[in-house]
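The lines below spell out each chain.
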Amino acid sequence: MSMLAARRAALRAVPRARTFASTAGKTSYREQQQATIAHAAETTELWRKISYFVCLPAIAVCTLWVRNVENEHEEHQKHLMEENGGKLPEPPAYEYLNRRASGPFPWGMNTLFFNPKVNKDMSQAAEE
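All figures in this text were calculated on a predicted structure; none of them were measured in a lab. (Residues numbered from 1 in each chain as written. Predicted model: local features only at pLDDT ≥ 70, side-chain atom pairs only at ≥ 80, totals over all residues. Heavy atoms only, no water.)

Enquirer: Explain the overall build of the protein to me, please; I cannot follow it from the model alone.
Expert: Counting its secondary structure elements, the protein contains 4 helices and 0 strands. Mapped in sequence order, the helices and strands of the protein form the string α-α-α-α. In the protein, which comprises 128 residues, the proportion classed as buried is 2%. Carbon and sulfur atoms make up 59% of the accessible area of the protein, which totals about 12200 Å². (Helix = DSSP H or I, 4+ residues; strand = E, 2+ residues; numbered from the N terminus. Buried < 20%, exposed > 50% of the residue type's maximum accessible area, 1.4 Å probe, protein only. Areas by Shrake-Rupley, 256 points an atom, 1.4 Å probe, with all protein chains shown as cover.)

Enquirer: Explain the layout of surface pockets to me, please; I cannot follow it from the model alone.
Expert: Summary: where empty space remains is shown by rolling a probe the size of a single water molecule over the atoms. The computed volume of the largest pocket comes to approximately 680 Å³. Looking at the lining of the largest pocket, the elements that each hand over two or more residues are α3 (29–83) and α4 (122–127). Among the residues making up the lining of the largest pocket, the classes are represented as 9 nonpolar, 5 polar and 8 charged. (1 Å grid on protein atoms, 1.4 Å probe; cavity = no way out; pocket = protein on both sides within 12 Å on 5 of 7 lines; lining within 4 Å. Points joined across faces, edges and corners; volume = space filled by probe spheres on them. Nonpolar A, V, L, I, M, F, W, Y, C, P; charged D, E, K, R; others polar.)

Enquirer: Looking at this structure, how should I read the pattern of salt bridges?
Expert: Where charged atoms from two side chains of opposite charge approach closely, those side chains can pair. If you walk through the whole model with that rule in mind, you get 3 salt bridges. For E45, the salt bridge goes to R48, with nearest N and O atoms at 3.0 Å. One end of the pair, E45, and the other, R48, are both in helix α3, 3 residues apart, so they sit about a helical turn from each other. Given a relative accessible area of 33%, E45 falls into the partly exposed group. Of the residues examined, R48 reaches a relative accessible area of 40% and is grouped as partly exposed. Salt-bridge contacts for E74 lead to K78; the nearest nitrogen and oxygen are separated by 3.7 Å. Here the residue E74 and the residue K78 both occupy positions in helix α3, the gap between them amounting to 4 residues, near one helical turn. (Salt bridge = Lys/Arg side-chain N within 4 Å of Asp/Glu carboxyl O.)

Enquirer: Before we go on, may I ask you to explain the packing of aromatic side chains in this structure?
Expert: By convention here, two paired aromatic rings are described through the distance between centres and the angle between planes. The tally for this structure, following the rule as stated, stands at 2 aromatic pairs. Here Y94 and Y96 contribute two aromatic rings whose centre-to-centre distance is 5.5 Å and whose plane-to-plane angle is 5 degrees, an arrangement assigned as stacked. Residue classification places Y94 among the partly exposed residues on the basis of a relative accessible area of 45%. Ring geometry for F105 and W107: centres 5.1 Å apart, planes at 5 degrees, overall stacked. (Phe/Tyr/Trp six-rings, centres within 6.5 Å; stacked < 30°, edge-to-face > 60°.)

Enquirer: Hey, could you run me through the confidence of the model for the protein in this one?
Expert: Do not read the fine detail of predicted coordinates wherever pLDDT is low. The predicted model of the protein averages 85 in pLDDT, with 88% of residues at 70 or higher. Within the protein, the element-level pLDDT minimum falls on helix α2 (residues 21–24), averaging 57, and the maximum on α3, averaging 96. (pLDDT = per-residue confidence, 0-100.)

Dropping the structure here:
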């Protein structure tokens, strides 16, 4: 018999003290429940503070930043329109832009989100 097998046999032969559920833990079920409830209350309060003092200010800062960027973009668009007689300049005619591999959409050449102030009118481009 190898050393490992002898060790296993010796460990199995040693009597072990048996513990029961009532004596296994030092705290009762009621104390465990109260501890769980207290922990839940502390964790809830922590996340409430994180939400109010971290998340909401971060959202406010991001909102202000995006508003400033969009205002700059709008001013730039107005400047471009003033320079080009009230219309935006024509974008470069790259062959990979505005391709429709499977033909037009069922409702026409433009997407559902077509905005004539921002997007190129593909129905006019198809006629050319």
